[in-house]
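Listed here are the chains, written in short residue letters.
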Amino acid sequence: MKCDTIIDNVIFGGFYMNQYKDFDNYLKEFPSKDGYFGAYGGAYLPEELIPAFREADDAYEAICHSAQFINELRRIRKEFQGRPTPVYHCERLSKIFGNCQIYLKREDLNHTGAHKLNHCMGEGLLAKFMGKKKLIAETGAGQHGVALATAAAYFGMECDIYMGEVDIAKQQPNVIRMKMLGANVVPVTHGLKTLKEAVDAAFDAYLKEYKDAIYCIGSTLGPHPFPKMVRDFQSVIGIEAREQFMEMTGIMPDAVAACVGGGSNSLGMFVPFLADPVEIYGVEPLGRGEKTGDHAATMKFGTKGRLHGFDSYLLQDENGEPLPVYSIASGLDYPGVGPEHAHLRDLGRVHYEVVSDEEAMEAFFLLSRYEGIIPAIESSHAVAFALRYAKEHKTGSILVNLSGRGDKDIDYVYENYGCGEKFKLDYDIK
Ligand SMILES: *Cc1c(COP(=O)(O)O)cnc(C)c1O
């Protein structure tokens, strides 16, 4: 049901007023004090690590409400990150498949070219208020490492980024960026030498160094308080976008959408819209297809389980071991998903959809050609969903979070897809 006009609003207003009223107090209820989003989340930690996570939790609860912290973070967002990022109406792209209007929240214009800096600056500022001298994290593709190294440089802190040796070899440009920003990139040489081992190594380091350091996770993942903290810091996306969209159009969008890896850019976009009459779509990568190892669509194919100290949906085998995952977008290939997403799905508030590599790449080229915006391949998944939505609905509006820019991807794309010759990119749109 839609309500575009004042009359519709009068007729359906009551319905809409009530439809999601359960979500008016959502932020007060979730997560619970011990970090649960319904049946998901928590903090399942080895005894020795409990004090470190508890310290972070207590500090965050105390500091995040202080006017000094909030004002300082606002200033950083404005002067360093370049926020607010704009909402942009894709008038040309919207004409391709009918009359549904596609809008983008331009996180690609956030400093460093993606949304990750939103939580890294928050975590860095928290570390400063706690009197810490060092930021610790793991990184896979290197995007989180670069964002955190940026925050460390800004705050004048040390920064240790744990990274598997295999990933170091694959991600040279990001390794160089981290080093230029002054971070130590610590090679992890055991096991498969990729992200999972890097997480273990970062946890070990945190255990040894938590008096002087804080661990900064890269998404809405991990033991409490990190899923909550990262969600809160990312909510700036949806808070801005909601106000901007209302100012531009006078009404709410019919739908909002974002890609889901661990879940941080999507939750940042979604949570401020939860109590509104808006359909919400999380988009996961279907990769090459439905076979195990060909995708990372945790919501579609996963089951409830435990990984890295929290409960959520997981792609796992019978023994609870994470299954191999794949996506063309390295930021989306994680075998789990943030616990809050699992909860929002159980509540029926967020719909989860999948988009394949090929659909994402077609959207990558269409957005580049029709709007002059080259998107990250991760974000292209959300754009592809918006095009599908537009084709089906023909009318109304969809607001997409464009989580990052595609500069990091163009070498890979050119090698594998040229300039998009195999896709239909010519449309007569007048
Ligand atoms: C890391 C990344 C993602 C995925 O992470 P989330 O925590 O799910 O947001 C999406 N888009 C871009 C551009 C990224 O760098």
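As a starting point, this report considers the structure included with it. (Residues numbered from 1 in each chain as written. Predicted model: local features only at pLDDT ≥ 70, side-chain atom pairs only at ≥ 80, totals over all residues. Heavy atoms only, no water.)

### Quick look at the overall build of the chain
Helix and strand content of the chain: 18 helices and 14 strands. Its C-alpha atoms give the chain a radius of gyration of 21 Å, near enough to 22 Å, the size a compact globule of 430 residues would have. A principal-axis box enclosing the C-alpha atoms of the chain has dimensions of 60 × 50 × 50 Å. Counting the 430 residues in the chain, one finds 58% classified as buried. Long-range contacts, defined here as pairs at least 24 residues apart, represent 74% of the contacts in the chain between residues at least 6 apart. Split by element, the accessible area of the chain, about 18000 Å² in all, is 52% carbon and sulfur. Once the 45 positive and 60 negative side-chain charges of the chain are each reduced to a mean point, those two points are 3 Å apart. (Helix = DSSP H or I, 4+ residues; strand = E, 2+ residues; numbered from the N terminus. Rg over C-alpha atoms; globule rule 2.2 N^0.38 Å. Buried < 20%, exposed > 50% of the residue type's maximum accessible area, 1.4 Å probe, protein only. Contact = heavy atoms within 4.5 Å. Areas by Shrake-Rupley, 256 points an atom, 1.4 Å probe, with all protein chains shown as cover. Lys, Arg positive; Asp, Glu negative; His and termini not counted. Charge placed at Lys NZ, Arg CZ, Asp CG, Glu CD.)

### Here we look at the packing of aromatic side chains
Per the counting criterion, the structure on display carries 25 aromatic pairs. Taking 5.8 Å as the distance between ring centres and 45° as the angle between the ring planes, the aromatic pair formed by phenylalanine 53 and phenylalanine 203 counts as tilted. Taken together, the residues phenylalanine 53 in helix α3 (residues 50-63) and phenylalanine 203 in helix α10 (residues 195-209) connect sequence positions 150 residues apart. Grouping residues by exposure puts phenylalanine 53 and phenylalanine 203 together as buried. Consider the rings of phenylalanine 69 and phenylalanine 233, whose centres lie 6.4 Å apart with planes at 40°: the pair is tilted. (Phe/Tyr/Trp six-rings, centres within 6.5 Å; stacked < 30°, edge-to-face > 60°.)

### Let's talk about the sheet that holds strand β6 (residues 158-164)
Here four strands make up an open sheet; going across it, the order is β7-β6-β5-β8 and the pairing parallel. Each end of this open sheet is capped by a strand with a single partner; those strands are β7 (184-188) and β8 (213-215). Adjacent strand axes in the sheet meet at a mean angle of 25°, parallel and antiparallel pairs treated alike. (Pairing = 2+ DSSP bridges. Axes fitted to C-alpha atoms, helices over the stretch in contact; angles between N-to-C directions.)

### Concerning the environment of proline 223
By secondary structure assignment, the location of proline 223 is in the loop between β8 and α11 (226-234). The spacing of proline 223 and asparagine 174 is 49 residues in sequence and 26 Å in space, taken between C-alpha atoms. Not counting residues within four places of it along the chain, the set of residues in contact with proline 223 comprises Gly42, Ala43, Leu45, Phe53, Phe203, His308, Gly309 and Phe310.

### Side note on unusual backbone geometry
Of the consecutive residues arginine 83 and proline 84, the connecting peptide bond is found in the cis state with omega at 0°. Note on placement: proline 84 falls in the loop between α4 (67-79) and β3 (87-90). Put simply, histidine 224 and proline 225 share a cis peptide bond, and its omega is 10°. Considering the arrangement of structural elements, one finds proline 225 in the loop between β8 and α11. One non-glycine residue, lysine 193, lies in the positive phi region at around 60°. Inspection of the secondary structure puts lysine 193 in the loop between β7 and α10. Of the residues examined, lysine 193 reaches a relative accessible area of 29% and is grouped as partly exposed. For lysine 394, which is not a glycine, the phi torsion comes out positive at approximately 65°. Of note, lysine 394 is situated in the loop between α17 (377-393) and β14 (397-402).

### Examining the pattern of salt bridges
If the charged atoms of two oppositely charged side chains come close together, the side chains can form a pair. Scanning all chains against the criterion turns up 22 salt bridges. Arginine 75 is paired through a salt bridge with glutamate 72; the nearest N and O atoms lie 3.2 Å apart. A residue pair is termed a helical-turn pair when its members lie 3 or 4 positions apart in one helix, as arginine 75 and glutamate 72 do in helix α4 at three residues. With a closest N to O distance of 3.1 Å, glutamate 359 and arginine 388 form a salt bridge. Linking glutamate 359 in helix α16 (residues 357-371) with arginine 388 in helix α17, this pair joins segments that are 29 residues apart in sequence. A relative accessible area of 32% means that glutamate 359 is categorised as partly exposed. On the basis of relative accessibility, which here comes to 23%, the residue arginine 388 falls in the partly exposed class. (Salt bridge = Lys/Arg side-chain N within 4 Å of Asp/Glu carboxyl O.)

All quantities given are derived from atomic positions and should not be read as evidence of function.
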